[in-house]
Amino acid sequence: MTSAWMEMAAGRGALGIGLIVAGVVVVALLLGAFVLGVRVKRRELPTPKPDEQPRLPDGGPVRETSERREPEEVPRSQDRLTPHELKTHGNQSDRRSATQERPRWNEGSSGSFGSGGPGGR
């Protein structure tokens, strides 16, 4: 009987030593990650001082403007056009539209294509 108890005690001892080794490995990995983080942080640029922060323009904050522009026709050709061959970005001209009222859909229309509604026309 004593040999069975000794074998069980030896198994528990090996398990305890294995847990201690695993704990030491985890602590070593955490310390390595911390040291690596400190090194990376030291290589970064310092945070800007208060006098280096961005300032508002003299005229105050810049506001977003929203306006409608006249559509620009896409030129027809036999060859496929690439974006840099178009006059302006987004196929919009630099001409401001005479009416700045937003277009609305027809009354009674669903406002969506293919929604299954009765439609306005």
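Just so you know, these numbers come straight off a predicted model, no measurement behind them.

### Some thoughts on the overall build of the protein chain
Across its full length, the protein chain holds one helix and two strands. In the protein chain, the order of α-helices and β-strands from amino to carboxyl end is α-β-β. Within the protein chain, the proportion of its 121 residues that are buried is 3%. Considering only contacts within the protein chain whose residues lie at least 6 apart along the sequence, 43% involve residues at least 24 apart. With an accessible surface of roughly 12100 Å², the protein chain has 59% of that area assigned to carbon and sulfur atoms.

### Notes on the UniProt feature "transmembrane region" (unreviewed entry) in the protein chain
Within this structure's numbering, the places UniProt gives as "transmembrane region" (unreviewed entry) are residues 15-38. Secondary structure content for residues 15-38 is 100% helix and 0% strand, and the end C-alpha separation is 35 Å.

Definitions and limits used
- Residues numbered from 1 in each chain as written.
- Predicted model: local features only at pLDDT ≥ 70, side-chain atom pairs only at ≥ 80, totals over all residues.
- Heavy atoms only, no water.
- Helix = DSSP H or I, 4+ residues; strand = E, 2+ residues; numbered from the N terminus.
- Buried < 20%, exposed > 50% of the residue type's maximum accessible area, 1.4 Å probe, protein only.
- Contact = heavy atoms within 4.5 Å.
- Areas by Shrake-Rupley, 256 points an atom, 1.4 Å probe, with all protein chains shown as cover.
- UniProt positions renumbered as here; feature names shortened; annotations may be inferred.

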